[in-house]
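Residues per chain, in single letters:
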Amino acid sequence: MDIAANLFYRYRRFVKVLRIYLLLAGPGLIVMLADNDAGGITTYTVTGAKYGYNLIWFLLLLLPVAYVVQEMTVRLGAVTKRGHAEAIFDAFGPFWGWFSFLDLALVNWLTLITEFIGMTAAMSIFDIPPFLTVIVVSVVMMLMVLQGRYWTWEKIAIFFAVLNLIYIPAAFLVHPSVGEVLAHGLVPNLPGGFNGTLFFFLMANIGTTIAPWMIFFQQSAVVDKGMKEKDIPWGQMDTLIGSAFTVIVAVFLVVVTGTVLYGMNIESAAQAALMLREIDPWLGTLIAIGLFDAGFLGAICISLASSWAFGEVFGWAHSLNLRIREAPWFYACYLLALVTAGGVVLIPGAPLILITLFVQVIAVTLLPAALVFLILLLNNEEVMREYRNTFLQNVAGIAIVGAIIVLSTLYGISTLFPGFIG
Amino acid sequence: MQYPGQGVRGWLHAVLRGWFARIHGINQKYATPRIHMSPGVRFALLFLRLYLVFLVLLLAYKFWTLVR
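Residues numbered from 1 in each chain as written. Chains lettered and ligands numbered in written order. Predicted model: local features only at pLDDT ≥ 70, side-chain atom pairs only at ≥ 80, totals over all residues. Heavy atoms only, no water.

## Concerning the overall build of chain B
At step 1: The number of helices and strands found in chain B is two helices and zero strands.
At step 2: Taken against the 2.2 N^0.38 rule, which gives 11 Å for 68 residues, the C-alpha radius of gyration of chain B at 21 Å runs more than 25% over that of a compact globule.
At step 3: The C-alpha extent of chain B, read off along each of the three principal axes, is 50 × 45 × 10 Å.
At step 4: Of all 68 residues assigned to chain B, the portion counted as buried reaches 19%. (Helix = DSSP H or I, 4+ residues; strand = E, 2+ residues; numbered from the N terminus. Rg over C-alpha atoms; globule rule 2.2 N^0.38 Å. Buried < 20%, exposed > 50% of the residue type's maximum accessible area, 1.4 Å probe, protein only.)

## Section: the packing of aromatic side chains
Residue and element names in this part refer to chain A.
At step 1: Within the structure shown, the criterion is met by 30 aromatic pairs over all chains.
At step 2: Aromatic pair Phe159 and Phe160: ring centres 5.3 Å apart, planes at 70 degrees, arrangement edge-to-face.
At step 3: When its relative accessible area of 16% is taken as the criterion, Phe160 is described as buried.
At step 4: Seen from their ring centres, Phe314 and Trp316 are 5.0 Å apart, and the 20 degrees between their planes marks the pair as stacked. The residues Phe314 and Trp316 share a single accessibility class, namely buried. (Phe/Tyr/Trp six-rings, centres within 6.5 Å; stacked < 30°, edge-to-face > 60°.)

## A short note on the side chain of Gln218 of chain A
All names here are of chain A.
At step 1: Within the element layout of this structure, Gln218 appears in helix H12 (residues 212-225).
At step 2: At 3.1 Å, the side chain of Gln218 forms a polar contact with the side chain of Thr239.
At step 3: Discounting residues that sit within four places of it in the chain, Gln218 has contacts with Pro27, Gly28, Val31, Gln70, Thr73, Val74 and Thr239. (Polar contact = N/O pair within 3.5 Å; in protein donor to acceptor, adjacent residues only side chain to side chain. Contact = heavy atoms within 4.5 Å.)

## Some thoughts on the pattern of salt bridges
Pairing is possible between side chains that carry opposite charge, provided their charged atoms lie close to one another.
Residue and element names in this part refer to chain A.
At step 1: All chains considered together, the criterion is met by eleven salt bridges over all chains.
At step 2: Lys155 serves as the salt-bridge partner of Glu154, at 3.1 Å between the closest nitrogen and oxygen.
At step 3: The buried category is assigned to Glu154, whose relative accessible area is 0%.
At step 4: The residue Glu381 makes a salt bridge to Arg388 at a minimum N-O spacing of 3.8 Å.
At step 5: Ionic contacts of the salt-bridge type, sharing partners, join the residues Lys81, Glu229, Arg385 and Glu386 into one network. (Salt bridge = Lys/Arg side-chain N within 4 Å of Asp/Glu carboxyl O.)

## Brief notes about the interface of chain A and chain B
At step 1: Facing the 29 residues of chain A at the interface are 25 residues of chain B.
At step 2: In this assembly, chain A packs against chain B so that about 2700 Å² is buried in total across both faces, 75% of it on carbon and sulfur atoms.
At step 3: Asp90 of chain A is paired through a salt bridge with Arg34 of chain B; the nearest N and O atoms lie 3.8 Å apart.
At step 4: Applying the counting criterion to the chain A and chain B interface returns seven residue pairs in polar contact (both at pLDDT 80 or more).
At step 5: When contributions to the side of chain A that touches chain B are tallied by element, the ones reaching two or more residues are helix H5 (84-92), helix H6 (94-124), helix H15 (281-314), helix H17 (352-378) and helix H19 (391-416) of chain A.
At step 6: Ranked by the residues each element gives to the side of chain A that touches chain B, the list is headed by H17 of chain A, at eight residues.
At step 7: Per-class residue counts for the side of chain A that touches chain B are 22 nonpolar, four polar and three charged. (Buried area = accessible area lost by both parts, 1.4 Å probe. Nonpolar A, V, L, I, M, F, W, Y, C, P; charged D, E, K, R; others polar.)

## With respect to helix H14 (residues 269-279) of chain A
At step 1: Three or more residues of H14 of chain A are buried, namely Ala269, Ala270, Ala272, Ala273 and Leu276 of chain A. Projected down its long axis, H14 of chain A carries its buried residues within an arc of 155 degrees, all on one side. (Arc of directions from axis to C-beta.)

## What about the state of the cysteines?
Residues and elements named next belong to chain A.
At step 1: For the structure shown, the criterion picks out zero disulfides over all chains.
At step 2: Cys301 takes part in no disulfide bond, and the closest cysteine sulfur to it belongs to Cys333, at a distance of 17 Å.
At step 3: Assessed through its relative accessible area of 0%, Cys301 is described here as buried. (Disulfide = S-S within 2.5 Å.)

## Focus: the nonpolar core
At step 1: Phe92, Trp153 and Phe217 of chain A are the most contacted members of the largest nonpolar core, which totals 163 residues.
At step 2: Broken down by element, the residue count for this core peaks at 19 residues, all from H15 of chain A.
At step 3: With five residues, the next largest nonpolar core counts Val361, Ile413 and Phe417 of chain A together with Leu58 of chain B among its residues. (Core = buried A, V, L, I, M, F, W, Y, C linked by side-chain atoms within 4.5 Å.)

## Some words on the packing of H19 of chain A against helix H2 (residues 39-67) of chain B
Pairs of packed helices are described in terms of their axes, by the angle between the two and the distance that separates them.
At step 1: At their nearest, the axes of H19 of chain A and H2 of chain B sit 11 Å apart, and the two run at 10 degrees to each other. Here H19 of chain A lies roughly parallel to H2 of chain B, going by the angle between them. In terms of crossing hand, the pair formed by H19 of chain A and H2 of chain B is right-handed. Side by side, H19 of chain A and H2 of chain B meet where Ile405, Thr409, Ile413 and Leu416 of chain A of the first sit next to Phe47, Tyr51, Phe54, Leu58, Leu59 and Lys62 of chain B of the second.
At step 2: Its residues assigned to classes, the contact of H19 of chain A with H2 of chain B comprises eight nonpolar, one polar and one charged. (Axes fitted to C-alpha atoms, helices over the stretch in contact; angles between N-to-C directions. Parallel < 35°, antiparallel > 145°, perpendicular 65-115°, else oblique. Left-handed = near helix turned anticlockwise from the far one by under 90°.)

Remember, this is a structural readout, not a statement about activity or role.
See below:
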């Protein structure tokens, strides 16, 4: 009887915790799953095809990296009640404020183009013309924000975030050998020895894990959601669960391409989806849907990150809880980003590959500054009080930020000068 | 609305003036950095400035190699 009562008590407690979590879940889960955007999905697809299961251990290492960085935005947003763009202006003055803001606007716009490239490529597999994809996506994304409630937008976004998990059933469709996945994937190894190509792949995987827009997005989302200091533990849990999911999705996608396409020359996720469709129509379809969803999820977060930043800097009303007449500039920025980025993809002969490469280089100029400012702001005792970084958080944060700066810089240089490393 | 000139030129003039005034206002609002400038903060900001200069030089070099 005691055991039954104890189990019932634990069950009720679990349900209660789950309910509170589902109420407060959002920014962490969305940003981490949106991290697996069209560019991220392409990187994991190509990594699996090139190195099989051998780099799964490296993807697992990225879980704490993503968590440590994004968790800081939760505390900063909940305590200061301001987005990252406004926080930089306020703490470091106009020079760093304008630099971060303008760089973010440019990087986000270019990244938005790459999301549209991913979405149109995915839909082309189903014979849907790019112009139709761009129009429908833009209309759906506008409808998502125009309903005037952050909560509703967040729940719709979570639906698309959960759809990102489509790669898990896809991995079961290819019937991988679990023993081989564990043997090759979990033991740290450098397939083919350390060389320039492997280094480029490792850096590309890091580059997709931490992007500047993620920092700005999550902090602004925490503020717009109205999270307070007491909600920080829930925000941290949300971010941790999101980090776990982002890595799980990456691992399962690598398992798919590592099982079926290992050793083949794959250059994009859309190409992989087409090839997989010939092997198993269901599998190819799942990969294509996943690619579209990844681009869509990335696009809704990136365009919002920009609109929030514009609102913060120029002092315009900027909240998803406001109607269009209450925050016209906020929604105008959002629409303008969508229309122009989608329009670029439709221009015949537009240099889309060049844009994709350019994103990586420009992101390198912003990422170190955004990360360093994050650490400095989290150490501002006057503002953060008991929520400032502890010694251990600083050790972890500084080590991770230092490593990201070095590696992302090398990644940017090797994009600019192919053959620079090995 | 009254513009100093007429037509598109006058409208453009007014719009640009409005934007410059807004940017000037933002610069004034945040003129004094509020973070305590400890040696650590100063070092971090110096590092970022040098890093930025390095990247600009790198991009300029890439541009030069492309043009050449």
